[in-house]
Amino acid sequence: MNLFIRFLCMLWHIRKQQPTGFESTSVLPFRVLPTDSDYFQHHLTNSRFPSFMDLGRMDWLAKAGLYKPMRQRGWGVVVSSNQITYLGMIRWGKPFDVQTKAVYWDEKYLYLEHRFVAAGKLRAVGIAKLVFASNTGSMPLADMLAEAGIELDAVQCPENIRDMQRALAHKY
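These numbers were taken from a predicted model, which means no experiment stands behind them.

Asks: How should the overall build of the protein chain be read in this particular structure?
Replies: Within the protein chain one finds 5 helices and 6 strands. Along the protein chain, from the amino end to the carboxyl end, the secondary structure elements read α-β-α-α-β-β-β-β-β-α-α. Against the globule reference of 16 Å for 172 residues, the protein chain gives a C-alpha radius of gyration of 16 Å, in line with a compact fold. Projecting the C-alpha coordinates of the protein chain onto the three principal axes gives extents of approximately 45 × 40 × 30 Å. Sequence-distant contacts, at least 24 apart, represent 72% of the contacts inside the protein chain between residues at least 6 apart. Accessible area of the protein chain: about 9800 Å², with a carbon and sulfur share of 54%.

Asks: When you look at the pattern of salt bridges in this model, what are you seeing that I'm missing?
Replies: Two side chains carrying opposite charge are able to pair once their charged atoms lie near each other. Summed over the entire model, instances satisfying the criterion amount to 8 salt bridges. With a closest N to O distance of 3.0 Å, D36 and R6 form a salt bridge. Separated by 30 residues along the polypeptide, D36 in the loop between strand 1 (26-31) and helix 2 (49-64) and R6 in helix 1 (residues 2-16) bring together distant segments of the chain. Exposure class is identical for D36 and R6. Each is buried. Between E113 and R115 there is a salt bridge, with the nearest N and O atoms lying 3.9 Å from each other. Through salt bridges that share partners, E159, R162, D163 and R166 make up one connected network.

Asks: Just to check I follow, could you spell out the nonpolar core for this structure?
Replies: Inside soluble globular proteins, nonpolar side chains tend to come together where they are buried. By size, the foremost hydrophobic cluster in this structure holds 39 residues, and its most contacted members are F22, L66, F96 and L110. Every element with two or more residues in this core is listed here: helix 1, strand 1, helix 2, helix 3 (67-73), strand 3 (95-105), strand 4 (109-118), strand 5 (121-134) and helix 4 (141-147). The dominant element in this core, judged by the number of residues it contributes, is helix 2, at 9 residues. Other than its neighbours up to four places away in sequence, L110 contacts F22, W60, A102, Y104, W105, A128, K129, L130, F132 and L141.

Asks: Any chance you could explain the environment of M139 here in plain terms?
Replies: For M139, the location among the structural elements is in strand 6 (residues 137-139). In this structure, M139 is in contact with W75, K108, F132, A133, S134 and M144, ignoring residues within four places of it in sequence.

Asks: Even after reading the chapter, I still don't get the packing of aromatic side chains, so can you show me in this structure?
Replies: We describe a pair of aromatic rings using the distance from one ring centre to the other and the angle between the two ring planes. The full count for this structure, using the stated rule, is 9 aromatic pairs. Between F30 and F52 the ring centres are 4.7 Å apart and the planes differ by 55 degrees, which places this aromatic pair in the tilted class. With a gap of 22 residues between them, F30 in strand 1 and F52 in helix 2 connect regions that are remote in the sequence. This pair shows no difference in class: F30 is buried, exactly as F52 is. Ring centres of F49 and Y86 lie 5.0 Å apart, and the angle between their planes is 80 degrees; this geometry places the pair in the edge-to-face category. In this pair, F49 sits in helix 2 while Y86 sits in strand 2 (residues 76-86), placing the two residues 37 residues apart along the sequence. Exposure remark for F49: the relative accessible area of 3% places this residue in the buried category. For Y86, a relative accessible area of 41% puts it in the partly exposed group. Lying over the aromatic face of W75, R73 brings its terminal NZ or CZ to 5.6 Å of the ring centre.

Asks: It is not clear to me how the side chain of H43 should be interpreted in this structure. Could you clarify?
Replies: Here H43 shows up in the loop between strand 1 and helix 2. Contact partners of H43, with chain neighbours within four places excluded, come to D36, S37, D38, M89, I90, R91 and W92.

Asks: Teacher, can you tell me more about unusual backbone geometry here?
Replies: Note: most peptide bonds trans; most residues except glycine with negative phi. Even without glycine at this site, H42 takes up a positive phi of about 55 degrees. Its place among the elements puts H42 in the loop between strand 1 and helix 2. Taking relative accessible area as the criterion, H42 reaches 46% and is therefore assigned partly exposed. Phi angles above zero are rare outside glycine, and A119 is one such case at about 55 degrees.

Reading the values: rules and limits
By convention here, each chain's residues receive numbers from 1 onward along its written sequence. Side-chain atom pairs in this predicted model are given and counted only at pLDDT of 80 or more, local residue features only at pLDDT of at least 70, and totals for whole chains, interfaces and linings cover all residues. Excluded from the side-chain calculations are hydrogens and water; all other atoms, namely the structure's heavy atoms, are used. Secondary structure follows DSSP: runs of H or I at least 4 residues long count as helices, runs of E at least 2 residues long count as strands, and numbering of each begins at the N terminus. In this treatment the radius of gyration is a C-alpha quantity, and the globule benchmark scales as 2.2 Å times the residue count to the 0.38 power. Any pair of residues with heavy atoms lying within 4.5 Å of one another is described as a contacting pair. All accessible-area figures derive from a Shrake-Rupley calculation using a 1.4 Å probe, and residue coverage is judged against the displayed protein chains alone. When a carboxyl oxygen of Asp or Glu lies within 4 Å of a side-chain nitrogen of Lys or Arg, that pair is called a salt bridge. Buried, partly exposed and exposed residues are distinguished by accessible area as a fraction of the type maximum, computed with a 1.4 Å probe on protein chains only: under 20%, between the cut-offs, and over 50%, respectively. Within this scheme, the nonpolar core is defined by two criteria: the residues are buried Ala, Val, Leu, Ile, Met, Phe, Trp, Tyr or Cys, and they are joined through side-chain atoms within 4.5 Å. Here a pair means two rings of Phe, Tyr or Trp (six-membered ring of Trp) with centres within 6.5 Å. Their orientation is stacked below 30 degrees between planes, edge-to-face above 60, and tilted elsewhere. A ring is considered to have a charge above it if a Lys NZ or an Arg CZ atom is located within 6 Å of its centre and within 35 degrees of its normal.

Right, here's the structure in full:
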């Protein structure tokens with residue numbers, strides 16, 4: 001239930017938010033609540049990280065200037081793949097930030113990095129591979145960006161994204 005309340009708060013927040021650019025970083029503050037906690041270790045449980053990544057993605061889409069054009073046209077964004085590396089615990093009751101930014105894009109996919117920072121230390125890093133979709137199926141990223149009036153130069157693919165792409169090439 002607390003994620004639903006956080007989700008509603010996020011919707012309210014992004015309605016008023018002005019875009020700051022595609023290369024912006026979203027920083028959202030949270031606190032580990034009892035319902036986010038692993039009941040044995042009393043830390044943020046691994047199943048909550050993707051949910052916080054969802055909230056970071058919503059905020060980043062608004063900051064990037066993509067959220068309003070998507071809503072107006074009935075388009076959505078689908079997570080094609082998530083990869084999370086856990087580096088340390090975030091204890092119950094402790095504050096943490098989710099920092100979200102775009103790190104790579106190609107013709108079809110957008111890759112967002114989500115950094116979980118608590119007490120000034122990096123505790124986890126998540127990479128989300130996203131695809132934009134209309135009611136007829138997936139759409140080229142360039143079409144989505146053009147509709148939002150965003151022009152981007154090509155970027156070099158980071159090694160961790162290349163590793164993720166190689167791993168995903170072996171479909172199960």
